[in-house]
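# Commentary on secondary and tertiary structure
Below, each chain spelled out in residue letters.
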Amino acid sequence: MNLLTWSIFLFGFPISIASASHFGAIEVILGYLKIPLEVSILTCWNESEKFIFWKNLFDRNLPIRSIRMSAEEIYALPWNDPHQHYSVIVVDLACPNTKSLIKASDQMLYYHVKWIVVNTNESDCDSVVQDFQDLHVLISNEIFILCKLESYEGYIIKQVYRYSRDTNLIQETIGWWQHGVLEFKSAPNQPVSIRRRNLNGFQFRASLVITNNASLNHLEDYRDKHVDTITKKNYFLTKYMVESLNATVRFSYVKSWGYPDPKTNRFDGMIGELQTDTADLGGSALFFTTSRIKVIDYLSMTTPTRAKFIFRSPKLSVTDNVFVLPFSGTVWLCIISFIVLSGCLLLAIMLVEYHYTTIRYGSNVRPTLMDTLLNMFGTSCQQGSYLEPKSLPARCLILLSLVVLMFLYASYSANIVALIQSPSRKIQNVEDLLNSRLEVGAEDTVYNKYYFAHETEKVRKALYERKMKNREGALTGFISLEKGVERIRQGLYAFNVEVGVCYKLISETYQEDEKCGLQEIEYLNIIDPYYAIQKNSSFKELIKVTLFRLREYGMQDREQSMLYTKKPTCSGGSSFIPVSIVDVRPALILLAWGFGIACAALIVEKVWFKLRIRQQNSTRVLFKRSSIHRLRIGSVY
């Protein structure tokens, strides 16, 4: 059955032929969209028309997830639907409330939602398009308008849009429908970001963050690349993007990216200009934060750069005790075992000689284990032996010990020399940096001060509180770029700075050997900066696709290589590092402990000796008294 037969059979009255043709055109358009659809029919059609339209949609097996039918009321719009990009709204301009419904839809008219507009009473194209003259049908809208021309039997499918709220309306014919056949000029599911790339000289408004006024004179000449680098990089990308869209751009300049007012939630700086519709584009890339998501849209990571702590690797003796590093734990255990075993064997030889021979070593005192161990320890330190071996077994043992310990001593000494000249790789993360002897600083920029002050992670907050503030709580860790790079050269200093900018100065000012041993530690732990625009801007997809094209064509990488310097390579080798107190600090500590223990032992011995003398004297006095007493008693008897 056809539409007319179905309506008479079910409801007893037919639908109009005009409505039937509109239905057919709408159904074909829905079929060509080729995406899962959630169709909302907000019209004043009667029940028969709605039913026939609903049944034909299902008979065509279209990819429709749901169909909702309602009057042309504002509440019926999919305001909070998380799948707005699947929504297609069908309206009829012949219904009395349709124009007010479209006007009240605001951003939904050009953002995410697709519309199909018909006029069952008047299909003249000029009349239908005239209804959109005062509406904000911005460039991203997908409104399919069915209208007629006098010389054409079917329907012409048009779309209308404007670049901004103040520009004129532009008509775009995208296809024709006749006798159930739909013919498109291009694929209907081709995004508008491809079809509407020619903006015909439309002027964008872009906001740039300039922290140094001198940068205004060097935005294009690649001079002073280390100043406002991220702005200069995105300045070029913005110009390339605008030229690609056949548009123009007018720049405004601010001093910061913008921070919110806690009372009004209004931002200042570049974000404030985007929020108040003073700018269309954020010409300086910015970091991703949760407080900014509500007011701007992030599009593309155009500047692959990070702010990190950069420092020269300290000497190994700064972070480790070099005197225990030459040998592994197993080797140290073997050395100690060898000394103990050799001492015990020497003791056994000396005891045998003491009991069964006339050999004596300076005295007739019986040899002890402590003496032999001390002798072998002196031998291992290449201090020689106070014993002159006289028997063959003793000579063999001493000779063997001297040879073995000579090789160990040579290896140990050579390793010590090499380790003192070696850099340390022990500082690998923020916690290591916090616990190290390195001083910490950061480049004096607005975003550095903000992120350091608002850091909540325990270790990072401790680093800020303990190493970037003085005892009075004043911020002393934020210094200029040039001063920070110079302090990196001097050593034992970590400087948080944008890596490409820092490496430019390092490449220009450091000696070749000073470029070796540079390390990086990430502090902010955030992703690369993004290019941003107004929230829910109609240019969102158009600009995003264009930025991706610039990346694919290599324009983004070109400006990256022109403005950012890579980490310098270590080509000159390392220079000789003189030995300092830091290098021998463990030995001096051991020597101090030895002096302390020796002095304490001397004092104890002195006290013990005096106590023994006093005790002996008192014993002698008592003995004399007892002897005299016994003599007196004997004389009496």
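Up top is the structure.
Read on for a plain summary of the structure. (Residues numbered from 1 in each chain as written. Predicted model: local features only at pLDDT ≥ 70, side-chain atom pairs only at ≥ 80, totals over all residues. Heavy atoms only, no water.)

## Points about the sheet that holds strand β9 (residues 203–209)
What the five strands build is an open sheet, ordered β10-β9-β11-β18-β12; its pairing is mixed. Strands with a single pairing partner mark the edges of an open sheet, and in this sheet they are β10 (248–254) and β12 (296–300). Ignoring strand direction, the axes of neighbouring strands in this sheet form an average angle of 30°. Sheet topology note: the β12/strand β18 (residues 530–534) ladder contains four bridges and is antiparallel. The residue bridging Ile296 from the neighbouring strand is Gln534, located in β18. (Pairing = 2+ DSSP bridges. Helix = DSSP H or I, 4+ residues; strand = E, 2+ residues; numbered from the N terminus. Axes fitted to C-alpha atoms, helices over the stretch in contact; angles between N-to-C directions.)

## Points about the packing of aromatic side chains
One pair of aromatic rings is described through two measures. These are the centre distance and the angle between the planes. The full count for this structure, using the stated rule, is 27 aromatic pairs. Centroid distance Phe452 to Phe478: 5.8 Å. Interplanar angle 90°. Geometry classified as edge-to-face. Of this pair, Phe452 sits in helix α15 (residues 446–453) while Phe478 sits in strand β15 (residues 478–479), placing them 26 residues apart in sequence. Among the aromatic side chains, those forming a connected cluster through ring pairs are Tyr161, Tyr163, Phe202, Phe204 and Phe539. Seen from the ring of Tyr155, Lys148 lies directly overhead, with NZ or CZ sitting 5.0 Å from the centre. (Phe/Tyr/Trp six-rings, centres within 6.5 Å; stacked < 30°, edge-to-face > 60°. Lys NZ or Arg CZ within 6 Å of the ring centre and 35° of its normal.)

## A look at the packing of helix α11 (residues 329–356) against helix α13 (residues 392–420)
It is at 10 Å that the axes of α11 and α13 come closest, and there the two elements cross at 160°. If you check the angle between α11 and α13, you find them roughly antiparallel. For the crossing formed where α11 meets α13, the hand is left-handed. Along the contact surface, α11 presents Trp332, Ile335, Phe338, Ser342, Leu345, Leu346, Ile349 and Glu353, while α13 presents Pro393, Ala394, Leu397, Ile398, Ser401, Val404, Leu405, Leu408 and Tyr412. Here the contact of α11 with α13 is composed, by residue class, of 14 nonpolar, two polar and one charged. (Parallel < 35°, antiparallel > 145°, perpendicular 65-115°, else oblique. Left-handed = near helix turned anticlockwise from the far one by under 90°. Contact = heavy atoms within 4.5 Å. Nonpolar A, V, L, I, M, F, W, Y, C, P; charged D, E, K, R; others polar.)

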